[in-house]
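Descriptive structure summary
Listed here are the chains, written in short residue letters.
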Amino acid sequence: MRILVVGGAGYIGSHMTKMLLEAGHRVVVMDNLSTGFREAVVPGGEFVETDLADRARLEALFRAQRFDGVLHFASFIQVGESMTQPAKYYRNNVVHTVNLLDAMVQHGVTRFIFSSSAAIFGEPQYVPVDEEHPKLPTNPYGRSKWMVEQVLADYERAYGLRHSCLRYFNAAGADPDAALGERHEPETHLIPLVLQAASGRRPAITVFGTDYDTPDGTCVRDYVHVTDLCQAHLLALERLARGAESRAYNLGNGSGFSVKQVIDAAGEVTGSRVAVVKAPRRAGDPARLVADSTRARKELGWRPRHAELETIIRHAWAWEIKTATRFARAAAL
Ligand code: UDP
């Protein structure tokens, strides 16, 4: 298939590009490099540097070649920032996504895989969280993702655009070959931050909240390996290509680990003692988020291959060791 990967210079999009190329698909990466990195664009496909705001360029891209599917990773992802800058989130995550969908409809491209998020559920009313759980997002980031899911349902009804919404829980880890990994500037995610503390790039890890109603008082999350997430995209795309109906899937391993457990596991993997600083809760963090991914396993045949937390951290650590000096220097420039 010829696949358009929007946001292919980012964390998950770059891993996806690598997997698609390895599976023998043709890939066009589109990215505006606002948060992604040119060097993360995996060689072997075509790279188009443009922004989803540019409808004319989008139109030209779809006119020039016929895509069998579109995978959309290009969104802003910081919950805290979305509270202070909602316009940035609604414009990019919603309006620009609608631009992309319109170009697809215009050119008869009917398969769309959307990177959604557990943030659409808000504070869980029960765990594990299945697809039917009420959608009550508590911040503009989560609302932007849930809005797009609703737009997609309407576009399917009116225009026949078929889609899969993949709701990631906590994406983590790195390419097992250490060719790619996680890089956000600024970094806000727990596992890379802990590993940056272990490698000496940061003095310590700050734990946000130690008084949650969880066994050790810190938040519990469901960490899912980035290549397992990508595998789910490939399966969802193949399923749409077989003519299946649109569907949403929750993607996680179904087991929760606390912030403290992650820090302890990182200590074991790296052999370093990570200094810990306790801090107040971060606004908008639910105590416990764990996925029920039964549907993805049954309908997509999804079998996460790197479900162990230790494996996820080990792969992320290999990437941190490989890149720490270079990225630290780049950030200081
Ligand atoms: N967290 C933390 N210190 C950090 C970053 C994150 O204690 O420096 C906690 C955060 O409060 C949450 C968990 O780690 O409970 C996972 O946060 P992350 O930002 O990685 O993902 P999120 O769950 O927000 O998608």
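First, a word on what this report is: a plain description of the structure on this page. Everything quoted here is computed from the prediction, not taken from an experiment. (Residues numbered from 1 in each chain as written. Predicted model: local features only at pLDDT ≥ 70, side-chain atom pairs only at ≥ 80, totals over all residues. Heavy atoms only, no water.)

**Here's the deal with the sheet that holds strand 14 (residues 288-289)**
- Overall, mixed pairing links the three strands, which are arranged 12-9-14 in an open sheet. Looking at strand neighbours, the two that pair on one side only are strand 12 (257-258) and strand 14, the edges of this open sheet.
- Pairing between strand 9 (residues 220-221) and strand 14: two bridges, direction parallel. Looking at strand 14, one finds that Val220 is bridged to Arg288. (Pairing = 2+ DSSP bridges. Helix = DSSP H or I, 4+ residues; strand = E, 2+ residues; numbered from the N terminus.)

**Concerning the packing of aromatic side chains**
- Following the criterion strictly, the structure yields five aromatic pairs and no others.
- Between Phe76 and Tyr89, the aromatic rings sit 5.8 Å apart at their centres with planes inclined by 55°, giving tilted as the arrangement. Of this pair, Phe76 sits in the loop between strand 4 (69-72) and helix 3 (79-84) while Tyr89 sits in helix 4 (residues 86-106); the two residues are 13 residues apart in sequence, bridging distant segments of the chain. For the pair shown, Phe76 and Tyr89 are each scored as buried.
- Taking 5.8 Å as the distance between ring centres and 65° as the angle between the ring planes, the aromatic pair formed by Trp319 and Phe327 counts as edge-to-face.
- Accessibility expressed as a relative area gives 11% for Trp319, which makes it buried. (Phe/Tyr/Trp six-rings, centres within 6.5 Å; stacked < 30°, edge-to-face > 60°. Buried < 20%, exposed > 50% of the residue type's maximum accessible area, 1.4 Å probe, protein only.)

**So, helix 5 (residues 140-159)**
- Here helix 5 contains 20 residues, and its C-alpha end-to-end distance of 27 Å stays within 8% of the 28 Å for a straight helix at 1.5 Å per residue.
- Where helix 5 is concerned, the buried positions are Pro140, Tyr141, Gly142, Ser144, Lys145, Val148, Glu149, Val151, Leu152 and Tyr155.
- For helix 5, the elements touching its buried residues are helix 3, helix 4, strand 5 (111-117), strand 6 (162-168) and strand 11 (247-251).
- Looking at the residues trailing helix 5, positive phi occurs at Gly160, about 75°. (Expected span 1.5 Å × (residues − 1). Contact = heavy atoms within 4.5 Å.)

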